[in-house]
Amino acid sequence: MKSIPMLLILAATAHAAELRVTGSTCDWQSNPLGIDVPQPDLGWTMESSRRGETQTAYQILAASDVALLSTGKPDLWDSGKVSSGESIGIRYAGKPLASGQRVWWQVRAWDAEGNPGPYGEAQWWEMGLLSQNDWQAKWISDGRPLPERDEDFYKPHPAPLLRKSFKLRGPVKQARIYTTAAGYQELSLNGKPLGDHRLDPTWTAVEKRVYYSTHDVTAQLKPGENSLGIVLGNGWYNLLPMRFWGGKNFRLSLTSGRPCAILRLDIQYADGSRETIVTDDSWRWKEGPIIRNNIFLGELYDARQEIAGWDAPGFNDEAWQSVKVETPQVGKLQALSGPPIRITEELPAKRLESSKGPPIYDFGKNFTGTVRFRFNAPAGTRYVMRYGELLHADGTLNPMTSVAGQIKNRNNDGTMSIGGPGAPDIAWQEDTYITKGGVDEEYTPRFTFHAFRFMEISAPPVSVTGLRLHSDVPDAGSFECSNDLFNRIQRVCRNTFVSNIIGVQSDCPHRERLGYGGDIVASSEAFFMNYDMHGFYRKTVRDFADSARPDGRFTDTAPFVGIDYCGVGWAMAHPLLIEQLYRYQGDRSLMEEQYEAARRWLLSVEAANPEHIVSGGLGDHEGLVPKSIPASVTSFYYQSAVMLANMAKVLKRTDDAARFSALSENIKRAYQKQFLDEKTGVVALGSQMCQSSALYSGLVPDAVKPLAMERLLEDIRDKHKGHLSTGIYGTKYMLDMLSANGRADSAFQIVSQPEMPGWAWMLKNDATTLWEHWAGSDNTFSNNHPMFGSVSQWFFQWPGGIRPADDAVGFNKILIAPQVVGDLKWAKTEHRTVRGPISCEWKKDGGNFDLSLRIPVGATSEVTIPARNAEAVKEGGGAASAAAGVKFLRMDRNAAVFAVGSGSYQFSSAVE
């Protein structure tokens, strides 16, 4: 792909147009409460009525009081007029900030003609706790010892309730709670839940870092006595010692312990005085009604054990026990900068009529979350709920595709479950509720989540409502077209994506729930096009760095649970996300922070493979033909070396840039010598994966590319009758390479295939999320897997026509090139970047092609329009080559290519 030339295309106007700041972010968030970056990155978006507008300078004001901004004399920072076109990643350079300090700020920009625009609306950010010493709190737990025998972990261990009462001295001006846990926690203040986070804190390698949340509780405090409550769940910190696949015990790789919490409440009174309430040995605890809780197996809740008013003021806790002060093996307490997990949708349930078994409820689609139940039954009534993705032919629940770790039977000698001592014979997803009786009772599991479409319950409840849970990433894009199949596939992709982001991007949200790098590599660009993944993927990069082995190697999953055999294709998620966060979001700060970890990893791969061919690892997972592991994995190695060389250039590490560039050339030569037949264009086995991965990675010389493409097309056409044979990587690579090399028609045919393998086959079989295996499964393989969601990226970037240039920084160089193929008559695509929204809407009516597009200020674009020649292209009714802000560049494969700046455009052309 060619990069976009830098343009300053200015439309003639009778008067200067205002360049307006329309939105701003701090630490890549809008008005963030509680950040702990001493010098956060600032950014803003702009609008102008003039085409080709550019920012030539900016000025930032920052103050401790919003009123100081309007005076023009801010007390924290006045950047002055800074000559720069950049509007993202601008580092705060004002006075040092203190923990809890609120900063008000605003920015204005100068346009291309040197005219200043108005200041944008005043925004704010608030600092969290900048030093670990600022907490002044202790970690506390119930103090009970962990079981000594594996089987005892499965016995009842009620989740503890922790509480603390305190009295206010007077009227409160402001109050903040900073809190986190090792395990999960739910907080309450004066008997009411605090905040809307679920499964908090999000999963990390706790020995390296634990994320804390900040809550504004000013309005919840009451005069006189107040009360704090914490319920602790096991989460990933206190897993059961189940043997996944009969042998892998995650507890042995994860830092584990008894769940514990830490909290600091800062109170600022109206008279200027301050008070701090912290977790310490003055807190009290008692066992609560959550008798057992595990993220894989579910909860047992006995409502008869509820303690009315336990977290409300005035409760008598004299009979409760004192908590134990702990010193858990935890790393840095860091402010949560990514999205928390929230309930984002309520799903009505339909009861299915079946002549066999307990009642079955259908939620209409596969999803990840929990269920809100209402019961009304005599005390002691036991309701058992099981969850699954499928039904058996007789209408009963089939939970087998979502069984944890494939724990489905006993050892060969029948002595115990293959899951180990105490584990269930079948580790399905299950919750149990025991009623207290006499009233309508409402229950939602708190410290577990399930992935399912169907639920079986032992007896009908009063009502059932599904609650979808996921990391609450903002929407960032949409794609719709005239092809209903494509629209349905896109909806299924999005449903799969949000089902697999519960703190980590998982391979599946039930059987394993782990942050596998391979699935990220295959689908991250699809996620980027659909959602604002910035905060989420920043965390993912840090997860991989935190989980690196002592020699620097990245592992297959992050956080690390002991799985380490997939190799380079999974480990490369770390540098790939850094590169994509720079290209899509302009995030240089993360690159600076994480470069050394990426460098150390690549050097470890180089040291282990002195001949530059990597023979170990897992290749094109779930492909349908024999694999060439060395060819696949070596192509991943080459991509990684190129990425590190490019990072080194950005960071001006000249020696590293030269070293990794030389390494990439050595890998390329070794690869071509061993795997490429330059006379025929065949790569290794000549499979779709082999051909497309070599082309995608840049390992085929220009002179040989036509041959390599022809071999790929022959395999598709002759060996597979227009079908794919690819797996996790090859599917993405092949769709991209076909479209980039003028054969989007073949990509269209592959995506449209109605039979197995393909997406339409899944939909034909009632799939509402993507499958792990092309053929589907009713026992072994997941039915909720994101890796084949790379097709959503193809929708956005090829038929939809929006993609960043290879050398883009924060989407500042945009390629608009919709592929008008197959039966497509129109497509509407939008993507909201850090610089503002991009839209591309096209339609084809007979021999006429119309394209409407919008480019944000701070970006330029190459626009490729199907046309016989440049003269056939109009813009705004006149010749495109003469239109304001438009410059003709070249003809390319029966299309005219133009350069445009920011603004809105209406192109049309005659294509036949």
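This section reports on the structure supplied with the text. In this text the structure is predicted, and so the values were computed from the model without any measurement.

## Some points on the overall build of the chain
Piece 1. Looking only at helices and strands, one finds 15 helices and 52 strands in the chain.
Piece 2. The C-alpha atoms of the chain give 29 Å as radius of gyration, which agrees with the globular expectation for 912 residues (29 Å, within 12%).
Piece 3. The dimensions of the chain, computed from C-alpha atoms along their principal axes, are 85 × 75 × 55 Å.
Piece 4. Excluding contacts between residues fewer than 6 apart, the proportion of contacts in the chain whose partners are at least 24 apart in sequence is 74%.
Piece 5. Accessible surface computed for the chain: about 33,100 Å², of which carbon and sulfur atoms make up 48%.
Piece 6. Averaging the positions of the 97 positive and the 104 negative side-chain charges in the chain gives two centres separated by 1 Å.

## Considering the side chain of Thr-202
Piece 1. In this fold, Thr-202 is placed in the loop between β14 (192-193) and β15 (209-216).
Piece 2. We classify Thr-202 as buried; its relative accessible area is 12%.
Piece 3. With sequence-adjacent residues up to four places away left out, Thr-202 is seen in contact with Tyr-211, Leu-336, Gly-503 and Lys-539.

## Points about the packing of helix α3 (residues 517-530) against helix α6 (residues 573-585)
Piece 1. It is at 10 Å that the axes of α3 and α6 come closest, and there the two elements cross at 10°. The angle between α3 and α6 falls in the class roughly parallel. Contact residues: α3 offers Gly-517, Ile-520, Val-521, Ser-524, Glu-525, Phe-528 and Met-529, while α6 offers Ala-573, Leu-576, Leu-577, Gln-580, Leu-581, Arg-583, Tyr-584 and Gln-585.

## Here we look at the sheet that holds strand β50 (residues 886-891)
Piece 1. If you trace the five strands from one edge of the open sheet to the other, you get β42-β43-β47-β51-β50, paired in mixed fashion. In the strand order of this sheet, the two ends are held by β42 (802-804) and β50, each with one partner. Adjacent strand axes in the sheet meet at a mean angle of 25° when their direction is disregarded.
Piece 2. Relative to strand β47 (residues 860-866), strand β43 (residues 813-816) runs parallel, the two sharing four bridges. Counted as the bridge partner of Lys-813 is Thr-860 from β47.

## What about the sheet that holds strand β52 (residues 903-910)?
Piece 1. Strand order in the open sheet formed by seven strands is β37-β44-β45-β46-β52-β48-β49, with antiparallel pairing between adjacent strands. Since the sheet does not close on itself, it has two edges, and those belong to β37 (477-481) and β49 (878-879), each with one partner.
Piece 2. Across the sheet, helix α15 (residues 790-797) lies against β37 and β44 (826-833), angled at about 75° from β37, the strand it touches most.

## Some thoughts on the state of the cysteines
Two cysteines, two sulfur atoms, one covalent bond between them: this is a disulfide.
Piece 1. Scanning the model with the defined rule gives zero disulfides in all.
Piece 2. Unpaired in this structure, Cys-493 has its nearest cysteine sulfur neighbour in Cys-481, at a distance of 12 Å.
Piece 3. According to the relative accessible area criterion, Cys-493 is buried, its value standing at 0%.
Piece 4. Cys-690 takes part in no disulfide bond, and the closest cysteine sulfur, belonging to Cys-566, lies 18 Å away.

## A short note on helix α9 (residues 654-675)
Piece 1. A rise of 1.5 Å per residue sets the reference length of α9, with its 22 residues, at 32 Å; its end C-alpha atoms lie 31 Å apart and thus fit the reference within 8%.
Piece 2. Looking at α9, one finds that the buried residues are Asp-656, Ala-657, Phe-660, Leu-663, Ser-664, Ile-667, Lys-668, Ala-670, Tyr-671, Gln-672 and Phe-675.
Piece 3. Those residues of α9 that are buried are in contact with α7 (588-608), α8 (629-650), β40 (676-677), β41 (682-683) and α10 (688-697).

## Comments concerning α3
Piece 1. Here α3 is 14 residues long and its end C-alpha atoms lie 19 Å apart, about the 20 Å a rise of 1.5 Å per residue gives.
Piece 2. At Ser-523, α3 shows its largest bend, some 55°.
Piece 3. Counting buried positions along α3 gives 14 out of 14 residues, so the element sits mostly inside the fold.

## Section: the side chain of His-723
Piece 1. Tracing the backbone shows His-723 in the loop between α11 (705-719) and α12 (730-740).
Piece 2. His-723 sits in the buried class, given a relative accessible area of 15%.
Piece 3. A distance of 3.2 Å separates a polar side-chain atom of His-723 from the backbone oxygen of Lys-721.
Piece 4. A polar contact is formed between the side chain of His-723 and the side chain of Gln-753, at a distance of 3.4 Å.
Piece 5. Among all residues touching His-723, those that are not within four sequence positions of it are Gln-688, Ile-716, Gln-753, Glu-755, Met-756 and Pro-757.

## A short note on empty space enclosed by the protein
Piece 1. Across all of its chains, the model carries five cavities of 30 Å³ or more by this definition.
Piece 2. Quantified by volume, the largest cavity comes out at close to 150 Å³.
Piece 3. Lining the largest cavity are 17 residues, with Trp-203, Thr-204, Val-206, Trp-236 and Tyr-237 sitting closest to its centre.
Piece 4. Residues that form the lining of the largest cavity fall into these classes: eleven nonpolar, five polar and one charged.
Piece 5. Its volume calculated, the second largest cavity comes out at about 100 Å³.
Piece 6. Forming the boundary of the second largest cavity are Thr-202, Tyr-211, Leu-336, Ser-337, Gly-338, Pro-339, Ser-471, Gly-503, Gly-535, Phe-536, Lys-539 and Arg-542.
Piece 7. Top element by residues in the lining of the second largest cavity is helix α4 (residues 534-546). It accounts for four residues.

## Describing the environment of Trp-842
Piece 1. Relative to the helices and strands, Trp-842 is located in strand β45 (residues 836-845).
Piece 2. On the accessibility criterion, Trp-842 (1% relative accessible area) is buried.
Piece 3. Remark: the alpha-carbon pair of Trp-842 and Gly-800, spanning 42 residues in sequence, is separated by 8.5 Å.
Piece 4. Sequence-distant contacts of Trp-842, that is, excluding residues within four places in its chain, are made with Pro-799, Pro-818, Gln-819, Val-820, Leu-824, Lys-825, Trp-826, Ala-827, Phe-849, Asp-850 and Leu-851.
Piece 5. Engagement of the side chain of Trp-842 in a polar contact is seen with the backbone oxygen of Pro-799, the distance being 2.9 Å.

## Some words on the packing of α6 against α7
Piece 1. For the pair α6 and α7, the least separation of the axes is 9 Å and the interaxial angle reads 155°. Of the possible angle classes, the one that applies to α6 and α7 is roughly antiparallel. In the packing of α6 onto α7, the handedness of the crossing is left-handed. Facing His-574, Pro-575, Ile-578, Leu-581 and Tyr-582 of α6, the residues of α7 in contact are Arg-588, Leu-590, Met-591, Gln-594, Ala-597, Ala-598 and Trp-601.
Piece 2. Of the residues in the contact of α6 with α7, the class split is nine nonpolar, two polar and one charged.

## A short note on the pairing of strand β51 (residues 895-900)
Piece 1. Counting buried positions over the six residues of β51 gives six, a clear majority of the element.
Piece 2. Residue alternation in β51 divides its side chains into two sets, Ala-895, Val-897 and Ala-899 and Ala-896, Phe-898 and Val-900, and both sets are buried.
Piece 3. Taken together, the five bridges between β50 and β51 define a ladder with antiparallel strand orientation. Following the sheet pairing, Lys-887 is matched in β51 by Ala-899.
Piece 4. Between β50 and the antiparallel strand that follows it, β51, lie three residues; Arg-893 among them carries a positive phi value of about 50°.

## Topic: the pairing of β43
Piece 1. Burial of β43 is two-sided: the residues Lys-813 and Leu-815 facing one way and the residues Ile-814 and Ile-816 facing the other way are all buried.
Piece 2. By the bridge criterion, three bridges tie β42 to β43 in an arrangement that is antiparallel. Looking at the pairing, Pro-804 lines up with Ile-814 of β43.

What counts as what
Residues numbered from 1 in each chain as written. Predicted model: local features only at pLDDT ≥ 70, side-chain atom pairs only at ≥ 80, totals over all residues. Heavy atoms only, no water. Helix = DSSP H or I, 4+ residues; strand = E, 2+ residues; numbered from the N terminus. Rg over C-alpha atoms; globule rule 2.2 N^0.38 Å. Contact = heavy atoms within 4.5 Å. Areas by Shrake-Rupley, 256 points an atom, 1.4 Å probe, with all protein chains shown as cover. Lys, Arg positive; Asp, Glu negative; His and termini not counted. Charge placed at Lys NZ, Arg CZ, Asp CG, Glu CD. Buried < 20%, exposed > 50% of the residue type's maximum accessible area, 1.4 Å probe, protein only. Axes fitted to C-alpha atoms, helices over the stretch in contact; angles between N-to-C directions. Parallel < 35°, antiparallel > 145°, perpendicular 65-115°, else oblique. Pairing = 2+ DSSP bridges. Disulfide = S-S within 2.5 Å. Expected span 1.5 Å × (residues − 1). Bend = angle between axes of the 7 residues up to and from the residue. Polar contact = N/O pair within 3.5 Å; in protein donor to acceptor, adjacent residues only side chain to side chain. 1 Å grid on protein atoms, 1.4 Å probe; cavity = no way out; pocket = protein on both sides within 12 Å on 5 of 7 lines; lining within 4 Å. Points joined across faces, edges and corners; volume = space filled by probe spheres on them. Nonpolar A, V, L, I, M, F, W, Y, C, P; charged D, E, K, R; others polar. Left-handed = near helix turned anticlockwise from the far one by under 90°.

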